[in-house]
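Residues per chain, in single letters:
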Amino acid sequence: MFKQVAEALLSGHFICPTAYPDAYDYLSQPANADKIDAFLKPLDRTLMSLDGEVYYAAYTVVDDSNRGPIREAFAEIRAQLRPVVEWMDMVMTALGQDMPIRARDEIRMTQLLNAIEHEPSLTEQLNRLTQLTLFKTSKTAISEQLSWVLQKLEQSGYLVKPNPQASLYLATGKIDYLHRIIAFLNDAEALELDKHAANAEDVEQQELFL
Amino acid sequence: MSFDREQIAGLIRKLASADRLLAQTYIDGTVFVDDDNRTAIDSLKKAGIMRTADVSDEYRLTGDVKRLIDRLLLRNQRYQQAIDLGKMILTVEEDIEDYRRALERNDQDEARYHLEQIDDTLYEAIESLETSLSVMFAAITSQFGFVSSLNSKIRQNRRALAYAQRLVQELNQVDLNDCYDWLSWAAIPPELSRKIIRFIDQYKSIVERLTSIVARMKTLLFTLRLQEQTANRTRAMAQFLRQHPEWEPLDWSIETAAPELLRRGSGLNLFPGIDTANPVLQADLVEIVQELRRQTKPLAPPPRDNASAPLDTQMPEHIEYHRDLYESHIENLFASALERQGRSTSALQYWQGEGLEIKAELWLDMVFAQYCCLPQRMRSVVALEMQGENLSDFNGNQVIHEISLRQV
């Protein structure tokens, strides 16, 4: 398992219970995690963990030799930020849940489709989503659009499909990483998202009283 | 208050005879009376097993039966129990005193009754604490799975935490020294001391577990709050992105000290090679080659990042053989030695005559080296004589100043 884990990490993958269950179990053993970390050290990398739910390899130093790959990886996340955040917002609204989408969460296409088909604002949101670069398509049928979006998320590593015949998707650790990036951008670019969220709640409550 | 055995057996039979009806009522909450079940319901009502609901032809299980089933099935349990440990301690103390008096009077029946009372009180106190603990533990483990929304989970967690903290206060009312005092009775019968010691042990274990549950609840509440913050932030981010369609995050990865979170690379492309010379791999390699040969639709090789180059269509030109210049000179030197038929030919004179650009020492070295490389039959035809000075420190070694060649 050491070889598979090392290769997956060096290839820039996120190791989580849904995308790489065996590798995740392997890394969950502290002795194995230490072994992998020791292997990564001479390559100027270290094993990073997000609350023990997701593992990935990160550079220990930033210099001219690795600035390119770091920039490339962040450019990918920057490009995917808008479409994936829009998608998460749509799913939370469609399923009426106040929980964030996180690694291990189940996304059932039929359940989602049922909710979107019956709500014009969600249909519109899905339509808008398919105009964004990551999900761009000329498909017009709701089911085709949704299926396309989920496929793209699977290809981008945010979802996995345990059974190719079924319509069940599982969220991967890359989603958790994206949440961390949002939190980072919120602080670094002073977006004041937490204030926005509080204001939105106030407006919602005021609307209820009107 | 004593019941005869037949009375208890009759009650149990009544429950058993209406098993399906009672199960259905328990699950649905109510049952409507009709011609088929009227007799059974009347009988159950008389026995205190069922009661009328809000509507006259609707029946429910009585609270006692429902509680009994709840308790036995561990279903729909409430961890919040009205536990009054102060009162319980007083009751036990009173019962112990009554038990002691009864024993002193040698009234065995009354003593047994008081002992049973003590046992029931201690058992019930521990059981209700254990139930509270196990339900709270299950709630934490399932992350309050009986409610689905994050908001409700946070509310439930907060409520459970408050209850657990109250329970800790309640448990603090029990002073274990008082319990040990119950044992400070010279003629204490072993059956009572066993019960008291078991209660003390169980109490200690409950306090320990409750402390751990409170800690876990605090951690879980913190986790749930983080999730709530993440969800709210995602929503706010989506709203922000809609309000600012032009916004793009800055490229933080080019900062001198890129934050740790962004120190992720795009990943290496791993293309392992095969050591074809390794005999261990050869059998597998042959198998792969044969497998590839058998393929009706061969797989296309992976695309490579090679740039295309135009094909060179020019006819190849004849390139002249470039001889080594000094090799030719040495050959000429040997040839002239052969031509002079026994007369000596000076290598230095040749070097001077031809105006060679290399130093004389190097020329002499090359002549000597080339002579050594000649086949034996050639060397036997040309004799080489070296002139030089003996080195002072080394016997037989000379610094060569001149080489003469002569046909033998």
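Residues numbered from 1 in each chain as written. Chains lettered and ligands numbered in written order. Predicted model: local features only at pLDDT ≥ 70, side-chain atom pairs only at ≥ 80, totals over all residues.

Caption draft 1: Just the overall build of chain A, in detail. Scanning chain A from terminus to terminus reveals nine helices and five strands. Counting from the amino terminus, helix and strand elements in chain A follow one another as α-α-α-β-β-α-β-α-α-α-β-β-α-α. Counting only residues that meet the buried cut, chain A has 35% of its 210 residues in that class. (Helix = DSSP H or I, 4+ residues; strand = E, 2+ residues; numbered from the N terminus. Buried ≥ 20, exposed ≤ 12 C-beta atoms within 10 Å, placed from the backbone.)

Caption draft 2: The arrangement of the interface of chain A and chain B in detail. Contacts between the two partners involve 43 residues from chain A and, on the opposite side, 35 residues from chain B. Mapped onto the side of chain A that touches chain B, the elements with two or more residues apiece are helix 1 (2–10), strand 2 (54–59), helix 4 (67–95), helix 8 (173–188) and helix 9 (193–209) of chain A. It is helix 4 of chain A that contributes the most residues to the side of chain A that touches chain B, 14 residues altogether. Split into classes, the residues belonging to the side of chain A that touches chain B amount to 25 nonpolar, seven polar and 11 charged. (Contact = placed C-beta atoms within 7 Å. Nonpolar A, V, L, I, M, F, W, Y, C, P; charged D, E, K, R; others polar.)

Caption draft 3: Looking closely at the sheet that holds strand 5 (residues 382–390) of chain B. Residue and element names in this part refer to chain B. Spatial strand order, 4-6-5: three strands in an open sheet with antiparallel pairing. Taken across any chain shown, the strands that pair with only one partner, and hence form the sheet edges, are strand 4 (345–346) and strand 5. Summarising the sheet, strand 5 and strand 6 (residues 398–407) pair through nine bridges and their orientation is antiparallel. Paired with glutamate 385 across the strands is serine 404, a residue of strand 6. Running over the sheet, helix 11 (residues 325–339) touches strand 4, strand 5 and strand 6 and is turned about 50 degrees from strand 6. (Pairing = 2+ DSSP bridges. Axes fitted to C-alpha atoms, helices over the stretch in contact; angles between N-to-C directions.)

Caption draft 4: Expanded view of the environment of Asn66(A). Within the fold, Asn66(A) resides in the loop between strand 2 and helix 4. Taking the number of C-beta atoms within 10 Å as the measure of exposure, Asn66(A) has 19 and is therefore partly exposed. Here the alpha-carbon distance between Asn66(A) and Asp44(A), two residues 22 residues apart in the chain, equals 9.5 Å. With residues up to four places along the chain from it excluded, the contact list for Asn66(A) reads Asp44(A), Tyr59(A) and Gly265(B).

Caption draft 5: Region of interest: the sheet that holds strand 3 (residues 106–108) of chain A. All names here are of chain A. Taking strand neighbours across the sheet as the criterion, the three strands line up as 3-5-4 in an open arrangement whose pairing is antiparallel. The open sheet has two edge strands with one neighbour each: strand 3 and strand 4 (159–160). In this sheet, strand 5 (residues 168–171) lies alongside strand 4 in antiparallel orientation, the contact comprising two bridges. Considered in strand 5, the bridge of valine 160 is made with leucine 170.

Caption draft 6: View of the nonpolar core. All names here are of chain A. The biggest cluster of nonpolar side chains holds 61 residues, and the ones touching the most others in it are Leu9, Ile15, Cys16 and Tyr56. Per-element accounting of this core gives the leading share, 10 residues, to helix 4. Three or more residues apiece are contributed to this core by two domains, here domain 1 (2–59) and domain 2 (79–209). Each residue touching isoleucine 15, except ones within four places of it in the same chain, is listed here: Val5, Ala8, Leu9, Tyr20, Ala23, Tyr24, Leu27, Tyr55 and Tyr56. (Core = buried A, V, L, I, M, F, W, Y, C linked by C-beta atoms within 7 Å. Domains from an automatic or database assignment.)

Caption draft 7: The arrangement of the environment of Ala58(A) in detail. Residues and elements named next belong to chain A. Secondary-structure assignment places alanine 58 in strand 2. Residue classification places alanine 58 among the buried residues on the basis of 20 C-beta atoms within 10 Å. Sequence separation of alanine 58 and leucine 9 is 49 residues, and the distance between their C-alpha atoms is 9.0 Å.

Caption draft 8: The arrangement of the packing of helix 5 (residues 85–104) of chain B against helix 6 (residues 108–141) of chain B in detail. All names here are of chain B. With their axes 8 Å apart at the nearest point, helix 5 and helix 6 run at an angle of 160 degrees to one another. Between helix 5 and helix 6, the angle is such that the two are roughly antiparallel. For the crossing formed where helix 5 meets helix 6, the hand is left-handed. Across the interface between the two elements, Leu85, Met88, Thr91, Val92, Asp95, Ile96, Asp98, Tyr99, Ala102 and Leu103 of helix 5 pack against Glu110, Ala111, His114, Leu115, Gln117, Ile118, Thr121, Leu122 and Ala125 of helix 6. (Parallel < 35°, antiparallel > 145°, perpendicular 65-115°, else oblique. Left-handed = near helix turned anticlockwise from the far one by under 90°.)

Caption draft 9: Seen up close, the pairing of strand 5 of chain A. Residue and element names in this part refer to chain A. Here strand 5 shows one buried face, formed by Tyr169 and Ala171, and one open face, formed by Leu168 and Leu170. Bridge analysis of strand 3 against strand 5 gives three bridges, and the strand direction is antiparallel. The residue of strand 5 that forms the bridge with isoleucine 107 is tyrosine 169.

Caption draft 10: Expanded view of helix 7 (residues 150–172) of chain B. Residues and elements named next belong to chain B. Under the 1.5 Å per step criterion, the end-to-end length of helix 7 is 33 Å for 23 residues, consistent within 8% with the ideal 33 Å. By the burial criterion, the buried members of helix 7 are Leu150, Lys153, Asn157, Ala160, Ala164 and Leu167. Lining the buried residues of helix 7 we find helix 6 and helix 9 (190–243). (Expected span 1.5 Å × (residues − 1).)

Caption draft 11: Expanded view of unusual backbone geometry. Residues and elements named next belong to chain A. One non-glycine residue, aspartate 51, lies in positive phi territory at about 55 degrees. Its location among the elements puts aspartate 51 in the loop between strand 1 (45–50) and strand 2. Looking at aspartate 51, the number of C-beta atoms within 10 Å reads 10, which means it is exposed.

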